[in-house]
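Here's the letter readout for the chains.
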Amino acid sequence: MAPRRTAAFLAMLVLLSGVSVAASEVIESPPELTVSNEDNTTYRVTAYTVESRQVAMLMNFRVTTDNGERRLATLSQLIWPEGYRNVTLADEGVPTQRVTVEPGEEVTTTIDGWTPGNVTVYVMEDVGNDETHVQTDIIACPDRGQEHSWTFRDDGTGGSSTCASSLDWLLL
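What counts and what doesn't
Residues numbered from 1 in each chain as written. Predicted model: local features only at pLDDT ≥ 70, side-chain atom pairs only at ≥ 80, totals over all residues. Heavy atoms only, no water. Helix = DSSP H or I, 4+ residues; strand = E, 2+ residues; numbered from the N terminus. Buried < 20%, exposed > 50% of the residue type's maximum accessible area, 1.4 Å probe, protein only. Contact = heavy atoms within 4.5 Å. Core = buried A, V, L, I, M, F, W, Y, C linked by side-chain atoms within 4.5 Å. Polar contact = N/O pair within 3.5 Å; in protein donor to acceptor, adjacent residues only side chain to side chain. Phe/Tyr/Trp six-rings, centres within 6.5 Å; stacked < 30°, edge-to-face > 60°. pLDDT = per-residue confidence, 0-100. Salt bridge = Lys/Arg side-chain N within 4 Å of Asp/Glu carboxyl O.

Here we take up the overall build of the protein. For the protein, the helix and strand inventory stands at three helices and 11 strands. Counting helices and strands in the order they occur from the N terminus, the protein gives α-β-β-α-β-β-α-β-β-β-β-β-β-β. Expressed as a percentage of the 172 residues in the protein, the buried residues total 35%. Of all intrachain contacts in the protein linking residues separated by at least 6 positions in sequence, the fraction that spans at least 24 positions is 62%.

Rendered as structure tokens:
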């Protein structure tokens, strides 16, 4: 009787170790970004990763105003589109990744430079409309597999993010 219990116990340990390895990869995995373009213009989504929401709000960007003036703006000033164009990061050392989607295209990528606890900042621009800033979003998810998605439509932009993975129930 004891050998059967021992064998069952060992089999359970092997199974749990496999689940643990799979779960740890999900916990440490960077966010996955999917961008869909259902509009008739080209869009660019730029992702930045920083340590915290506070650091994110203090990021500096070079922007072009409606009257053509080139000036600096913090991320907190980009939360609402103010007619800015050509938004580019002025700060150095911030991991940056760009995705450009043509009309009818969908792109999926992993956000490089992200580590657990980082905040992901997205700046979205309508490239076909003179690089007009259309939206800024900040996603603060401490860890676990994340999925971020944005869909551009002619009637507006839609987005979503998921902070927990399908294995989240195992990790509680």
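Moving on from the coordinates now.
Quick look at the environment of Val55 now. Looking at the secondary structure, you find Val55 in helix α2 (residues 53-57). When its relative accessible area of 33% is taken as the criterion, Val55 is described as partly exposed. Sequence separation of Val55 and Leu75 is 20 residues, and the distance between their C-alpha atoms is 9.6 Å.

This next bit is on the nonpolar core. It is characteristic of soluble globular proteins that their nonpolar side chains tend to be buried jointly. Judged by nonpolar contacts, the single largest core of 17 residues is most densely connected at Tyr48, Met59, Phe61, Leu75 and Val121. Within the residue set of this core, elements represented by two or more residues are β2 (43-50), β3 (60-64), α3 (75-78), β5 (85-89) and β8 (119-126). The element that contributes the greatest number of residues to this core is β8, accounting for three residues. Other than its neighbours up to four places away in sequence, Val121 contacts Thr46, Ala47, Tyr48, Ala56, Met59, Leu75, Asp137 and Ile138.

Tracing the backbone shows Ser36 in strand β1 (residues 32-37). Of the polar contacts made by the side chain of Ser36, one reaches the side chain of Glu106; its length is 2.8 Å. Residues contacting Ser36, with those up to four places away along its chain left out, are Glu105, Glu106, Trp150, Thr151 and Phe152.

With that settled, the discussion passes to the packing of aromatic side chains. Considering all chains together, one arrives at three aromatic pairs under this definition. Between Tyr43 and Phe152, the aromatic rings sit 4.0 Å apart at their centres with planes inclined by 5 degrees, giving stacked as the arrangement. With a gap of 109 residues between them, Tyr43 in strand β2 and Phe152 in strand β10 (residues 147-153) connect regions that are remote in the sequence. Like Tyr43, the residue Phe152 is buried in the burial classification. Residues Tyr122 and Trp150 carry aromatic rings whose centres are separated by 5.8 Å and whose planes lie at 70 degrees to one another, so their mutual orientation is edge-to-face. Taken together, the residues Tyr122 in strand β8 and Trp150 in strand β10 connect sequence positions 28 residues apart. For Trp150, a relative accessible area of 4% puts it in the buried group.

What follows is about the confidence of the model for the protein. Model confidence for the protein is summarised by a mean pLDDT of 82, while 77% of its residues fall at 70 or above. For residues 19-26, every residue scores under 50 in pLDDT, and the model assigns this stretch eight contacts once sequence neighbours within four places are set aside. Scored below 50 in pLDDT, residues 168-172 shows five contacts in the model against residues more than four places distant or in partner chains.

Here we take up unusual backbone geometry. Look at Asp130: it is not a glycine, yet its phi comes out positive at around 60 degrees. With respect to the helices, strands and loops of the structure, Asp130 is situated in the loop between β8 and β9 (132-140). For Asp130, a relative accessible area of 49% gives the class partly exposed. Not every positive phi belongs to a glycine, and Glu131 is a case in point at roughly 55 degrees. The class for Glu131 is partly exposed, based on a relative accessible area of 24%.

In this structure the tally under the stated criterion is four salt bridges. Salt-bridge contacts for Arg44 lead to Glu125; the nearest nitrogen and oxygen are separated by 3.2 Å. Note that Arg44 is positioned in strand β2 and Glu125 in strand β8, a separation of 81 residues in sequence. Exposure remark for Arg44: the relative accessible area of 11% places this residue in the buried category. In this structure Glu125 comes out as buried when scored by relative accessible area, which is 0%. Residues joined in a network through salt bridges with shared partners are Arg44, Glu125 and Glu131.

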